[in-house]
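Below are the chains, spelled out letter by letter.
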Amino acid sequence: MAHRVRIYEQGAPSVLRYEETSVGEPGPQQVRLKQEAVGVNFVDTMFRDGKINVSLPFALGVEAAGIVEAVGEDVADLKPGDRVAYWFSLGSYADIRLVDVSALVKLPADISTEQAAAVFAKGLTAWMLVKRVHVVRSGEFVLVQAAAGGVGSLVASWARALGATVIATVGSPAKADSVRQRGIESVLHAGDPDLVTKIRTITGGKGVDVVYELVGAATFSASVSALRDGGDLIHLGNASGSPSVDKEALAARSIHYVQPSTGQFVKDRGSLEESSAELFAALQDDVFGEIAITRYLLRDVAQAHEDIAARRISGAIILTP
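Counting restarts for each chain, with residues numbered from 1 along the sequence as it is written. Whole-chain, interface and lining totals are the exception, using all residues; otherwise, since this is a predicted model, local features are given only for residues with pLDDT of at least 70 and side-chain atom pairs are given and counted only at 80 or more. Working from all heavy atoms in the structure, the side-chain values ignore hydrogens and water.

A. Quick look at the packing of helix α5 (residues 195-202) against helix α6 (residues 217-226). Where α5 contacts α6, the axes come no closer than 9 Å and their chain directions differ by 30 degrees. On the basis of the axis angle, α5 is roughly parallel to α6. Handedness of the α5/α6 crossing: right-handed. Across the interface between the two elements, Leu195, Val196, Ile199 and Arg200 from α5 touch Ala222, Ser225 and Ala226 from α6. Think of it as three bins: nonpolar holds Ala, Val, Leu, Ile, Met, Phe, Trp, Tyr, Cys and Pro, charged holds Asp, Glu, Lys and Arg, and polar takes everything else, Gly as well. For the contact of α5 with α6, the per-class residue count stands at five nonpolar, one polar and one charged. To get an axis, fit a line to the C-alpha atoms, keeping to the stretch in contact for a helix; angles then go from 0 to 180 degrees between the N-to-C directions. Note on conventions: DSSP H or I runs of at least 4 residues are helices, E runs of at least 2 residues are strands, and numbering of each starts at the N terminus. Working rule for angles: under 35 degrees goes down as roughly parallel, over 145 as roughly antiparallel, 65 to 115 as roughly perpendicular, anything else as oblique. Here a crossing is called left-handed whenever its near helix is offset anticlockwise from the far helix by less than a right angle, and right-handed whenever the offset is clockwise. Only heavy atoms enter the contact rule, under which two residues are in contact if any of them lie within 4.5 Å.

B. View of α6. The classification of residues rests on relative accessible area computed with a 1.4 Å probe and restricted to protein chains. Under 20% of the type maximum is buried, over 50% is exposed, and intermediate values are partly exposed. Listing the buried residues of α6 in full gives Thr219, Phe220, Ala222, Ser223, Val224 and Ala226. Buried residues in α6 make contact with β9 (141-144), α5, β12 (208-213), β13 (227-235), α7 (247-252) and β14 (256-258).

C. Main features of the sheet that holds β12. Paired strands, as defined in this entry, are two strands with at least two bridges between them according to DSSP. Sheet architecture is open: six strands sit in the order β11-β10-β9-β12-β13-β14, paired in parallel fashion. Each edge of the open sheet is held by one strand with a lone partner, namely β11 (186-189) and β14. Taking each pair of neighbouring strands and ignoring which way they run, the sheet shows an average axis angle of 15 degrees. Here three bridges tie β9 to β12, and the two strands are oriented parallel to one another. Along β12, the bridge assignment pairs Leu143 with Val211. Running at roughly 155 degrees to strand β10 (residues 165-170), helix α4 (residues 173-180) makes contact with β10 and β11 of the sheet.

D. Spotlight on the layout of surface pockets. Roughly 260 Å³ of volume is contained in the second largest pocket. Whether a set of points on the 1 Å grid over the protein atoms alone is a cavity depends on a 1.4 Å probe fitting there but being unable to get out, while an open set qualifies as a pocket with protein on both sides within 12 Å along at least five of seven lines; lining residues are those with an atom within 4 Å of a point. What lines the second largest pocket is a set of 18 residues, and nearest its centre among them are Ser178, Gln181, Arg182, Phe288 and Glu290. Residue assignment for the lining of the second largest pocket shows that the elements contributing at least two residues are α3 (150-161) and α4. By residue number, the principal contributor to the lining of the second largest pocket is α3, which donates four residues. When grouped by side-chain class, the residues that make up the lining of the second largest pocket number seven nonpolar, seven polar and four charged. Grid points are joined across faces, edges and corners, and a volume is the space filled by probe spheres set on the points.

E. Fine view of unusual backbone geometry. In this structure, Pro57 follows Leu56 across a cis peptide bond, with omega equal to -5 degrees. Inspection of the secondary structure assignment puts Pro57 in the loop between α1 (42-49) and β4 (58-59). Positive phi outside glycine occurs at Ala146, with the angle close to 70 degrees. As for its placement among the helices and strands, Ala146 is situated in the loop between β9 and α3. Positive phi, normally seen in glycine, also occurs at Asp286, with a value near 60 degrees. For Asp286, a relative accessible area of 52% translates into the label exposed.

F. Spatial organisation of the nonpolar core. Formed by 53 residues in total, the largest nonpolar core has its most connected members in Phe120, Val144 and Tyr212. Of all the secondary structure elements, the ones that give two or more residues to this core are α2 (113-133), β9, α3, β10, α4, β12, α8 (269-284) and β16 (316-320). Ranked by residues supplied to this core, first place goes to α2 with 13 residues. In this view, Phe120 contacts Glu63, Ala85, Tyr86, Trp87, Val105, Leu272, Ser276, Leu279 and Phe280; residues no more than four positions away in its chain are not counted. In this structure, Phe47, Val68, Leu298 and Val301 belong to the second largest nonpolar core, which totals 32 residues. We define a nonpolar core as any set of buried Ala, Val, Leu, Ile, Met, Phe, Trp, Tyr and Cys residues linked to one another through side-chain atoms lying within 4.5 Å.

G. Broad picture of the pairing of strand β5 (residues 63-71). Direction of pairing for strand β3 (residues 30-40) relative to β5: antiparallel, over a ladder of eight bridges. Across the sheet, residue Arg32 finds its bridge partner in β5, namely Ala70. Relative to strand β6 (residues 83-86), β5 is paired through four bridges, and the arrangement is antiparallel. By the bridge assignment for β6, Ala65 is matched with Ala85.

H. Spotlight on helix α9 (residues 301-309). All buried positions along α9 are accounted for by Val301, Ala304, His305, Asp307 and Ile308. Projected down its long axis, α9 carries its buried residues within an arc of 160 degrees, all on one side. In the core, the buried residues of α9 are packed alongside β1 (2-7), β2 (16-21), β3, α1, β15 (293-297) and β16. Positive backbone phi, approximately 55 degrees, marks Arg311, located one or two places after α9. The arc in question is the one traced by the directions running from the helix axis out to the C-beta atoms.

I. Structural view of the side chain of Thr169. Mapped onto the elements, Thr169 comes out in strand β10. Counted as a polar contact is a pair of N or O atoms within 3.5 Å, where, for protein atoms, one must be capable of donating a hydrogen and the other of accepting one, and residues adjacent in sequence contribute only when both atoms are in side chains. In this structure the side chain of Thr169 is engaged in a polar contact, spanning 2.5 Å, whose partner is the side chain of Gln145.

As structure tokens, this is what we get:
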């Protein structure tokens, strides 16, 4: 019997329901996928707790990786036994499910399903941030707020590999150690009252060229102050709440303020194949080092969400059957 996780009301992690389900044969342009690893993302908690409105009942999860069990009609490029991953197809919190082939990408032989589930959605977001929204160049100063997080750790490592000087902020000494182990030397505490002064000192007084703001209200003011005039302020996350944004003040300093989404840049088959190929190449080149993965059983998904809320985890989280 197959299993999935759904919610029938929005709220605390206790609303998550691990339940039996039946999965039929795939229809046209579908496959039946035996999932070996399911990625957990912060957006999942927003679907669960009501920050994003959903129609109930709602099947959680957006990404996973596994092995094709069966294919439907008009599926030409996949066959049973192929290893695949996907980055956005709602309902990924499951051990077996049907998935449209348009969402699937074949995995290279040397990338495991656990690696893929841990980094695919976050990796495509990192690709969008360092390769499209702001093209990171050698010699730039890059500030990554929340550099120990799932997306932040990938952005920081990728920017460093592209030749930038990365300044990383974290929320605890333990997280600082995990970032330094990636080869990033300038690691600062996000709550340091002298944070901006220290960043300006590292940059020789000029400020950073780009800020990846992945926290929100708690760090937004420091991000603005640390940025040079004419720099890029890329605002993606609001884990600490939504900041107050003075767009006129930003414009007066010629700061380019943008709130991108991955779907703006990975929006069709061509861009999915291009971005995933670059992400897989970065993994194969060891750009990200060892990916820290915290594993939970699918049935223990509520504990995973509780640990996310308590900020007990650095790096990626996956669920296994």
